[in-house]
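# Fold and geometry: a report
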Amino acid sequence: MAISKGLRGTIGKLQEENRRMGESAQQGKVDGIEIKDKTRAGKEEMKILQRDIRELLEKVHELEKENEMLQQKLKKKDRELERFQALETDIDIQQPRPRASSGTSLGLSSGYQSEEDPEENSLEIIQMPRSQAIQEGRKLVLSCRTRSLPDVSYRWIKDDIEIPGANRSDLVLEPVRMHDFGRYFCRVWDKSGSLTSEPADVDVFPSPHMRFRGLHELDADTKQAVIDLLSKKRLPRLPTWKQIARRYAMRETEISSLEKEKIPARAMLEKLTSLAPNLTVYYVCKTFNEAGLRRLDLVDVLSQKMAISVH
C-alpha cells in the first residue's frame, strides 16, 4: 500500500538521522570537545527518535495486515462475481426470448409486453376514499378506484364490520344518517392478490332545525340501559366503565372512589356529566367506537339519541 511505503520511507530517514547523531556524538568525544550538555540533549533526541521508529514500525505492520485481509476479500468477491456471471449466462441460454406466432422475435423494440408483466397487471388503488363531514339527510359517496383491470372485486367495511351488499367501487349512502358516522375502508382483490385502501373518517352533523344532544339531556331509560351494559360482567378484554373513565382522563384515585359506590357505572356516568357539561352524546358514541374501546353495544343504544330538535 502507498501508506505503508510512505511510512517505511519516513522510518528510513529517522534511522539515518539517528545514526548520524550517534556518529557526531562519538566524534565529539574523540576530539576532546566539551559537549556534555549537547551530548545529553542529543541522547534525549535519540531516545525520542527510537521510540517514534518503534511506533511507526508497529503501524506499518498493522497496515500490511489490513492490506492482506482486504486483498483476500477482493479475491473472494471476484470469485463470487465470476460464479454469478456464469450462472446468468446459463439462464440466458436455457430460457430464450418468446417469439410471436409469425416467428418474429418479440424483443424490446417490438413494443410487446408479456401478459405476466407485473407492472402491467399488478393490482393498484389509484383513488382512495376521502374523509369528510356531511349533514344528515344528504348523499354520501365514498370512492375507491383501481386501474382498469378486469375481474376486480370490492368490499366496503365500516368499523371493521363488512357492509352487506357494498360490493362496488363507490359506496353510496342516501340519505346519510347520524348513525352512519365512523371509519370506512375498501378491500379490493383480483387473481393477483388483494389490497386495502386507506381509511376514511366520516362525521355526520345534524340536519337543519336539529342540534347535537348533550349527555346531560339523555332520558332516564336510555341512561339506565347504558348503566346496565356497563355494569354487566363482560367477556375478557372487553372494556368496562373503568377503561371509559381512564379514557376521559379520570385519575386512579377517582376511579377507586367510584368503585366503592353501590353502582360504580352510574357514579362514573354522573361524574363524567359533571366534569364535562358540554359533552355530547355524539362525541361519547365516537369514543365508544374507537379501536381501543369498541363498545358497539353502547353505540347502538345511544346512536338514536345523538340529535335533538331546536326549540
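Keep in mind that what you see is a predicted model, and the values were worked out from it rather than measured. (Residues numbered from 1 in each chain as written. Predicted model: local features only at pLDDT ≥ 70, side-chain atom pairs only at ≥ 80, totals over all residues. Heavy atoms only, no water.)

### Considering the packing of aromatic side chains
Here the structure, examined in full by the defined rule, presents two aromatic pairs. Pairing Phe-212 with Tyr-282 gives two aromatic rings, centres 5.0 Å apart and planes at 35°, and the pair type is tilted. In this pair, Phe-212 is assigned in strand E11 (residues 210-212) and Tyr-282 in helix H8 (residues 281-288), connecting sequence segments 70 residues apart. Aromatic ring contacts, followed pair by pair, group Phe-181, Phe-212 and Tyr-282 into a single cluster. (Phe/Tyr/Trp six-rings, centres within 6.5 Å; stacked < 30°, edge-to-face > 60°. Helix = DSSP H or I, 4+ residues; strand = E, 2+ residues; numbered from the N terminus.)

### Remarks on the environment of Leu-195
Within the fold, Leu-195 resides in strand E9 (residues 193-196). For the pair Leu-195 and Ile-125, spaced 70 residues apart in sequence, the C-alpha separation works out to 7.7 Å. Other than its neighbours up to four places away in sequence, Leu-195 contacts Leu-123, Glu-124, Ile-125, Cys-186, Arg-187 and Val-188. (Contact = heavy atoms within 4.5 Å.)

### A look at helix H4 (residues 220-231)
The first and last C-alpha atoms of H4 sit 16 Å apart over twelve residues, in line with the 16 Å expected at 1.5 Å per residue. Among the residues of H4, Thr-222, Val-226, Ile-227, Leu-229 and Leu-230 are the ones counted as buried. Around the axis of H4, the buried residues are gathered within 165° of arc, so they sit on the same side. In H4, the exposed positions angled more than 90 degrees off the buried face are occupied by Ala-220 and Asp-221. At its buried positions, H4 is contacted by helix H5 (241-247), helix H7 (264-275) and helix H9 (296-302). Of the residues that open H4, the one with a side-chain oxygen 3.2 Å from the backbone nitrogen of Asp-221 is Asp-219. (Expected span 1.5 Å × (residues − 1). Buried < 20%, exposed > 50% of the residue type's maximum accessible area, 1.4 Å probe, protein only. Arc of directions from axis to C-beta. Polar contact = N/O pair within 3.5 Å; in protein donor to acceptor, adjacent residues only side chain to side chain.)

### A closer look at the pattern of salt bridges
For the coordinates displayed, the defined rule picks out 15 salt bridges. Two residues, Lys-286 and Asp-203, come together in a salt bridge whose shortest N-O distance is 2.8 Å. Here Lys-286, found in helix H8, pairs with Asp-203, found in strand E10 (residues 200-205); they are 83 residues apart in sequence, far enough to count as distant. What makes Lys-286 partly exposed here is its relative accessible area of 31%. For the salt bridge of Glu-254 with Arg-251, the shortest nitrogen-to-oxygen distance reads 3.6 Å. (Salt bridge = Lys/Arg side-chain N within 4 Å of Asp/Glu carboxyl O.)

### So, unusual backbone geometry
Of the consecutive residues Glu-174 and Pro-175, the connecting peptide bond is found in the cis state with omega at 0°. Mapped onto the fold, Pro-175 is located in the loop between strand E7 (170-173) and strand E8 (182-190). Backbone geometry at His-209 places phi at a positive 70°, although glycine is not the residue there. Structurally, His-209 is set in the loop between E10 and E11. With a relative accessible area of 69%, His-209 lands in the exposed category.

### Quick word on the confidence of the model for the protein chain
Mean pLDDT for the protein chain: 79, with 68% of residues reaching 70 or above. Between residues 29-35, whose pLDDT stays under 50, and residues either more than four places distant or in other chains, the model counts two contacts. In this model residues 88-119 is a low-confidence stretch, pLDDT under 50, and it forms 14 contacts with partners more than four residues away in sequence or in other chains. (pLDDT = per-residue confidence, 0-100.)

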